[in-house]
Amino acid sequence: MSLSSLDQNRIESFWQYCLQHQYFNLAYPESADFDYAPLHRFLRFSINNCGDWNESSNYLLNSFDFEREVMHFFAELFHIPFDESWGYVTNGGTEGNMFGCYLARELFPDATLYYSKDSHYSVAKIIKLLRIQSRAVDSLPSGEIDYDDLVAKIQQDQERHPIVFVNVGTTMKGAVDDIGIIQDKLAKAGIPRRDYYLHADAALSGMILPFVDSPQPYSFADGIDSISVSGHKMIGSPMPCGIVLAKRSNVSRISVEIDYISAKDQTISGSRNGHTPMMLWAAIKSRPLAEWRRKVRHCLDMAQYAIDRFRAAGIQAWRCQNSITVVFPSPSEPVCDKHGLARSGGAAHLITTPHHHDSQRLDRLIDDIIQDLGAVTAPAGAAMSAA
């Protein structure tokens with residue numbers, strides 16, 4: 001592979017740009033706290049995980065053994081016996097959500113999918129692609145689904161087999177829909193548990209709730225049927241990826257035997273990145289569960305530190321239980337552009353991901369927001385005891 005000197009300069013320029021901005025992110029939930037240097041040499045190989053990691057394939061350059069261990073880890077994390085589960089490493093949260101909704105549709109072909117207005121924008125795409133009937137449900141101010149509105153719309157539709165898209169950490173507010181309340185209200189509405197499907201979008205909080213002392217319901221033991229988690233968020237990865245996990249009995253409905261790869265396929269994408277399972281495997285193997293708990297605790301402490309600083313300056317910032325997403329009134333466009341802030345409905349947020357080891361970048365952002373909103377400035381570090 002040979003590049004012209006001009007193109008080499010372009011690559012070098014982009015390298016310097018990446019070095020400068022690798023830790024900029026306070027508005028999006030991607031962690032830059034990773035180092036996969038031991039895996040760099042594998043980039044010379046075309047590793048393709050087409051098919052089922054639980055079986056052999058005639059494409060020999062696969063990382064099935066690593067993917068199997070990744071899925072075993074997540075089966076334990078989300079409280080489902082490994083031999084009763086099946087899932088795979090995806091290209092990201094959207095693919096995982098589509099897989100869960102696909103399984104639900106195959107189980108209940110004529111059902112309606114219900115999702116809150118705070119759900120990720122990928123849900124609308126998935127509904128169109130899968131041609132599922134759908135209803136948007138109101139959200140509570142916290143970002144949780146409006147449980148009464150959910151049941152009311154299911155009853156209005158006379159839907160006997162609702163598919164409920166559950167948020168385990170919404171995009172803008174970090175809200176967690178209460179799986180227990182949903183099941184309780186559906187039971188009171190006369191809908192047996194076997195007659196509906198719960199898919200959990202746990203893109204960010206799927207790697208938070210298992211490591212806190214008092215988590216909201218999030219697992220198969222709590223009643224979910226499938227779950228999607230992003231790998232490039234709390235775990236950290238140089239490329240978008242994730243996992244989806246479901247009940248093996250439901251996955252068997254979509255399994256197809258492909259003769260020319262000598263394997264079954266029950267995935268969305270078919271040919272799949274074989275490098276990302278190795279990265280997730282390395283991340284899992286290099287950190288004991290105690291280390292994940294420590295990282296999550298640090299992120300939660302930093303989120304509370306940000307809230308304390310905002311409130312000391314008279315800015316009404318808040319976060320949901322067990323969330324690293326801090327919500328506050330949106331500052332002006334120049335401040336949002338400078339820090340890459342995400343905004344919606346007059347509010348903005350910051351997210352305290354693991355690569356922010358101290359409060360320096362956080363303080364610079366908070367200082368700019370305090371000055372922009374005309375609040376009474378609190379000195380940086382004044383509330384550091386919360387971290």
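Named according to an unreviewed UniProt entry, the protein chain is Histidine decarboxylase originating from Chromobacterium fluminis. What UniProt records for the protein chain under Cofactor (unreviewed entry) is the sentence "pyridoxal 5'-phosphate".

## Digging into the pattern of salt bridges
Taken as a whole and judged by the stated rule, the model has 18 salt bridges. Two residues, R68 and D65, come together in a salt bridge whose shortest N-O distance is 3.0 Å. One end of the pair is R68 and the other is D65, both in helix α2 (residues 64-77) and 3 residues apart, which spans about a single turn. The class for R68 is partly exposed, based on a relative accessible area of 26%. Through salt bridges with shared partners, a single ionic network connects D33, R287 and K295.

## Re the pairing of strand β1 (residues 85-90)
Among the 6 residues of β1, 6 are classified as buried, and the element is accordingly described as predominantly covered. Looking at chain direction, β1 and strand β7 (residues 242-247) are connected through 6 bridges and run antiparallel. Bridging from a neighbouring strand, T90 pairs with G242 of β7.

## Here we look at the sheet that holds strand β12 (residues 347-351)
Read from one edge to the other, the open sheet built from 3 strands follows the order β10-β12-β11, with strand pairing classed as antiparallel. Looking along the sheet, the strands with just one partner apiece sit at the ends: β10 (325-329) and β11 (342-344). With direction set aside, neighbouring strand axes in the sheet form an average angle of 30 degrees. One ladder, built from 5 bridges, connects β10 with β12; its direction is antiparallel. Paired with P329 across the bridge in β12 is A347. Lying on the sheet, helix α9 (residues 289-312) is in contact with β10 and β12; it crosses β10 at an angle near 20 degrees.

Rules behind the numbers
Residues numbered from 1 in each chain as written. Predicted model: local features only at pLDDT ≥ 70, side-chain atom pairs only at ≥ 80, totals over all residues. Heavy atoms only, no water. UniProt positions renumbered as here; feature names shortened; annotations may be inferred. Salt bridge = Lys/Arg side-chain N within 4 Å of Asp/Glu carboxyl O. Helix = DSSP H or I, 4+ residues; strand = E, 2+ residues; numbered from the N terminus. Buried < 20%, exposed > 50% of the residue type's maximum accessible area, 1.4 Å probe, protein only. Pairing = 2+ DSSP bridges. Axes fitted to C-alpha atoms, helices over the stretch in contact; angles between N-to-C directions. Contact = heavy atoms within 4.5 Å.

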